[in-house]
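Analysis of the macromolecular model
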Amino acid sequence: MNFWFITGSQFLYGEETLIQVEKNSREIAGFLNEKLPFAVEYSSIVKTEAGAFELIKRANFDSECAGVIVYCHTFSPSKMWISALKSLQKPYLHLHTQYNRAIDNNAIDMDYMNLHQSAHGDREHGFIAARLNIAREIVSGHYKDADVIAQIENWQRASTGAAFSRTLKIARFGDNMREVAVTEGDKVEAQLKFGWQVNTYGVGGLVEETGAVSQSEIAEKMTEYCEKYEFKTDNLDSVREQARMEIAMRKILDRENCRAFTNTFEDLYGMEQLPGLATQNLMAQGFGYGGEGDWKTSALVAIAKSMSDKPSSFMEDYTYDYDAGLILGAHMLEVCPTIAADEGKPQVEVHALGIGGKNPPARLVFEGIAGLATCASLVDMGGRFRLIVQDVECVRPINSYPNLPVARVMWKPAPDLKTSAAAWICAGGAHHTVLSYGVSADMWRVWARIMEIEFVHLNAETNLHTLERELEFGGLLWKLKN
Ligand code: MN
């Protein structure tokens, strides 16, 4: 994936100025290319209406181009950008910067003024995007400043998440858990907005594939489990069954080109166990997962993993410790071992599930790492999707909880447990989330803007009454938009 660096200018100032504009632009693009995680490629100087349109047409159909960065070194009359920006289908960042950081006392003369005029050139460019009302990210400041680089990085990551989203296929092994509301959603709208292909694959097909897995394939997977995890069980048959299911699911996911999947304990006909360890090990390989048929959260887990190399997992708010002001997050089985704390390996344990009526499944048990993170939930409000993101601080679990048979994480939500929980409920957030140590709220905000969906951020500033008003006005706004 790469990002195109486009400079706006015009013919007004003569050839010499344009040569300098190109030289400086190449230098800025080169600097950004070195500092950012994804390549920034100098593209060209836009001087005409036709030039702008042709360039954006090429960007739209270049599958390697993940977004365009536009900067106006000089004035670049914006009527010539209308057709280009109206047709733009890639994420768009307006970088409002300047080649020189300061004004040199002696260097400044009229030629200097003609060359270094993004202060008004970028305002002209910004106006037309505001008038066209197109989704954009504006980053302002000298291009060498660390905060400017960090904001561009956020946008780059959100943009690659958007590109990943637009090709994402999600396999549903069985339907949603019966009667559950929040995991439902409009799959046609999801494909329109996010590009997701959400399709069902019969559990019978998975059972057949599971039956076809060879003993040598299982042995190889067991060796992998032994290297990565510590066995705290004698029930190796249960672990082998998880290995068999993982191999079978992986074969189907690869065959169908799916990077995310769901299943449900209510639809396991012909299966011996609910996949636990199998799902956890797949998530660790970058696959998205959502329990109980939750395809929205599954897709979001895969997208979070595509945006950042830092750990992300499927998560569920499980139970509270009001004394400590903490939430204990876990799931029936499926927490991603990438979020496991460093010391010791995650442990393979086998316990009965209590629901679903199947054999006791093997699962990984561990404690999550401490650190700043976000919990994100995507809900279908009818006519629009809403992404709710909560700032949290994960802490090491305050007790050992020796009888808890699943992986666990504890966190303090901002501004505090009571306010956060009320605000989350007010916004309609689900019990299922993506817990991510790499995708910040700001990165999710940029992603939501690119996807053109509603974004709600709960943080240290959150006030319940203000939030209620924000949601009320947001509701009206989205009715007008649709
Ligand atoms: Mn659940």
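In this text the structure is predicted, and so the values were computed from the model without any measurement.

A short note on the layout of surface pockets
Approximately 610 Å³ is the volume attributed to the largest pocket. For the largest pocket, the lining is made up of 21 residues, of which R449, E452, I453, W478 and K481 are closest to its centre. Listed by contribution, the elements that provide at least two residues to the lining of the largest pocket are helix 5 (118-132), helix 14 (441-451), strand 19 (454-458) and helix 15 (464-481). With five residues, the single largest contributor to the lining of the largest pocket is helix 15. Counted by class, the lining of the largest pocket contains ten nonpolar, three polar and eight charged residues. Lining the lining of the largest pocket are residues from two domains, each supplying at least three of them: domain 1 (2-165) and domain 2 (169-481).

Topic: unusual backbone geometry
In this structure, P415 follows A414 across a cis peptide bond, with omega equal to 0°. Along the chain, P415 turns up in the loop between strand 17 (409-413) and helix 13 (417-427). One non-glycine residue, E292, lies in the positive phi region at around 55°. Structurally, the position occupied by E292 is in the loop between strand 10 (288-290) and helix 12 (295-307). Phi angles above zero are rare outside glycine, and E452 is one such case at about 60°. One can find E452 in the loop between helix 14 and strand 19.

Side note on the packing of helix 13 against helix 15
Two numbers describe how helix 13 lies on helix 15: the axes approach to 10 Å, and their chain directions differ by 10°. Here helix 13 is positioned roughly parallel relative to helix 15, judged by the angle of their axes. Considering how the two elements wind past one another, helix 13 and helix 15 form a crossing that is right-handed. Packed against helix 13, whose contacting residues are A422, A423, C426 and A427, the element helix 15 presents L464, L467, E468 and L471 at the interface.

Things to note about the side chain of H142
Secondary-structure assignment places H142 in the loop between strand 5 (137-140) and helix 6 (146-166). Side-chain polar atoms of H142 contact the backbone oxygen of Y99, separated by 3.2 Å. Within the structure, H142 has its side chain in polar contact with the side chain of R101 (distance 3.4 Å).

Considerations on helix 5
If you check helix 5, its first and last C-alpha atoms are 20 Å apart, about what 15 residues at 1.5 Å a residue would give, namely 21 Å. Buried within helix 5 we find S118, G121, D122, H125, G126, I128 and A129. Buried residues of helix 5 fall within an arc of 160° about the axis and therefore sit on the same side. Pointing more than 90 degrees away from the buried face of helix 5 are the exposed residues R123 and R131. The inward-facing, buried residues of helix 5 contact strand 3 (65-72), helix 3 (82-87) and strand 4 (92-96).

As for the pattern of salt bridges
Counted under the stated rule, the structure contains 23 salt bridges. Put simply, E153 and R157 hold a salt bridge, and the shortest N to O gap is 2.9 Å. With a gap of four residues between them, E153 and R157 both fall in helix 6, about one helical turn apart. A relative accessible area of 26% means that E153 is categorised as partly exposed. The exposure class of R157 is buried, given its relative accessible area of 15%. For the salt bridge of K232 with E230, the shortest nitrogen-to-oxygen distance reads 4.0 Å. Residue classification places K232 among the partly exposed residues on the basis of a relative accessible area of 48%.

Calculation notes
- Residues numbered from 1 in each chain as written.
- Predicted model: local features only at pLDDT ≥ 70, side-chain atom pairs only at ≥ 80, totals over all residues.
- Heavy atoms only, no water.
- 1 Å grid on protein atoms, 1.4 Å probe; cavity = no way out; pocket = protein on both sides within 12 Å on 5 of 7 lines; lining within 4 Å.
- Points joined across faces, edges and corners; volume = space filled by probe spheres on them.
- Helix = DSSP H or I, 4+ residues; strand = E, 2+ residues; numbered from the N terminus.
- Nonpolar A, V, L, I, M, F, W, Y, C, P; charged D, E, K, R; others polar.
- Domains from an automatic or database assignment.
- Axes fitted to C-alpha atoms, helices over the stretch in contact; angles between N-to-C directions.
- Parallel < 35°, antiparallel > 145°, perpendicular 65-115°, else oblique.
- Left-handed = near helix turned anticlockwise from the far one by under 90°.
- Contact = heavy atoms within 4.5 Å.
- Polar contact = N/O pair within 3.5 Å; in protein donor to acceptor, adjacent residues only side chain to side chain.
- Expected span 1.5 Å × (residues − 1).
- Buried < 20%, exposed > 50% of the residue type's maximum accessible area, 1.4 Å probe, protein only.
- Arc of directions from axis to C-beta.
- Salt bridge = Lys/Arg side-chain N within 4 Å of Asp/Glu carboxyl O.

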